[in-house]
Amino acid sequence: MLLAIDIGNTTIGFAVIHKSGQIVSTAIIDTDAKISKIKAVVAKILKGQVIDRAVICSVVPKTSKILEDILKKNMPVDIIGRDIRVPIKNLYKNPKQVGQDRLVGAFGAMKIYGCPLIVVDLGTAITFDVISSKGDYLGGSIVPGIRLSAESLFLKTALLPHIEIKAPKNIIGKTTQESILSGLFYGYGSLCRGVIDLISQQIKAKPKVVMTGGHTNLMKKFVSPKIRIIDEDLVFKGIYFLSCL
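Residues numbered from 1 in each chain as written. Predicted model: local features only at pLDDT ≥ 70, side-chain atom pairs only at ≥ 80, totals over all residues. Heavy atoms only, no water.

Peer 1: I'm lost on the nonpolar core in this one. Help?
Peer 2: The tendency in soluble globular proteins is for nonpolar side chains to be buried side by side. Of all hydrophobic cores here, the largest spans 30 residues; its most connected members are I80, V86, I88, V104 and I239. Of all the elements in the fold, those that place two or more residues in this core are β1 (2-7), β2 (11-17), β4 (53-58), α3 (100-113), β6 (117-122) and α7 (234-243). With seven residues, the single largest contributor to this core is α3. The contacts of I88, once residues within four sequence positions are left out, are L103, A106, M110, I131, G135 and Y137. (Core = buried A, V, L, I, M, F, W, Y, C linked by side-chain atoms within 4.5 Å. Buried < 20%, exposed > 50% of the residue type's maximum accessible area, 1.4 Å probe, protein only. Helix = DSSP H or I, 4+ residues; strand = E, 2+ residues; numbered from the N terminus. Contact = heavy atoms within 4.5 Å.)

Laid out in structure tokens, this is it:
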């Protein structure tokens, strides 16, 4: 079996994947967790499992090194971008500027759903990645994610409170907290719909739209009906496909 690891700016996701491609189990911890916590989670994952290989997709090199050092005592470890290249034509002006997670998600979506497509990843940042009908990575858009925006309001204003991220009940908030949640969820929902429309116009196509990332379940009803495919495990699936090359 394969251990797929997705290291983001906020969280680390682990998935044990059978050779058939079926995801057997998953786990998640904070990226800034102490090394002892990371070791404990890895030990729990490995207990009773026969895992042949680990593949890491990361946007945090320091954490990649920590996990590689922990895992290489037990299995071969490959890091995407260093040991494995994502086989997709990258049309960024400077291809090295594209995060490996964006390429892996795009590759996974392309393998599963076909082209053209837009991948919307609702993580620390919200990214829109565009794949042409030819399978080329065209680029995309990046905006601060929901949690970043909420934290910014709290840190940069004197009177606005720190809030729990949860879906609002109404568009018109009756308290400061409700108003912030309304602005975040309805605002980002409208943003997503608008960006998807503008991208579709520019590429002159009706792309499939795939939504993934940590806030998918919370946000999906605010973006609908533009989002027709929900796939929270997209990066894990992309890692699996890359491991098979």
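Next, the rest of the story.
Peer 1: In this structure, what is going on with the packing of α3 against α7? I would like to understand it.
Peer 2: Helix-helix packing is described using two parameters, namely the angle between the two axes and the distance between the axes. At their nearest, the axes of α3 and α7 sit 7 Å apart, and the two run at 80° to each other. With respect to α7, the axis of α3 lies roughly perpendicular. Where α3 approaches α7, its residues D101, V104, G105, F107, G108, A109, K111, I112 and Y113 are matched on the opposing element by L234, V235, K237, G238, I239, F241 and L242. Among the residues forming the contact of α3 with α7, the class breakdown is ten nonpolar, three polar and three charged. (Axes fitted to C-alpha atoms, helices over the stretch in contact; angles between N-to-C directions. Parallel < 35°, antiparallel > 145°, perpendicular 65-115°, else oblique. Nonpolar A, V, L, I, M, F, W, Y, C, P; charged D, E, K, R; others polar.)

Peer 1: Help me understand unusual backbone geometry, please; the structure alone is not making it clear to me.
Peer 2: What is expected of a backbone is that most residues other than glycine have negative phi and most peptide bonds are trans. Here C115 and P116 are connected by a cis peptide whose omega angle stands at -5°. The topology assignment puts P116 in the loop between α3 and β6. In this structure, K204 is a non-glycine residue whose phi angle is positive, near 55°. For K204, a relative accessible area of 77% gives the class exposed.

Peer 1: Would you explain α3 in this entry?
Peer 2: Since the α-helix packs 3.6 residues into each turn, any two residues three or four apart lie on the same face. With 14 residues, α3 should cover 20 Å at 1.5 Å per step; its first-to-last C-alpha distance of 20 Å lies within 8% of that length. Among the 14 residues in α3, ten count as buried, and that is most of the element. For α3, every residue scored as buried is listed here: R102, L103, V104, G105, A106, F107, G108, A109, M110 and Y113. G114 lies just past α3 and shows a positive phi near 85°. (Expected span 1.5 Å × (residues − 1).)

Purely spatial values, then, with no claim about function.
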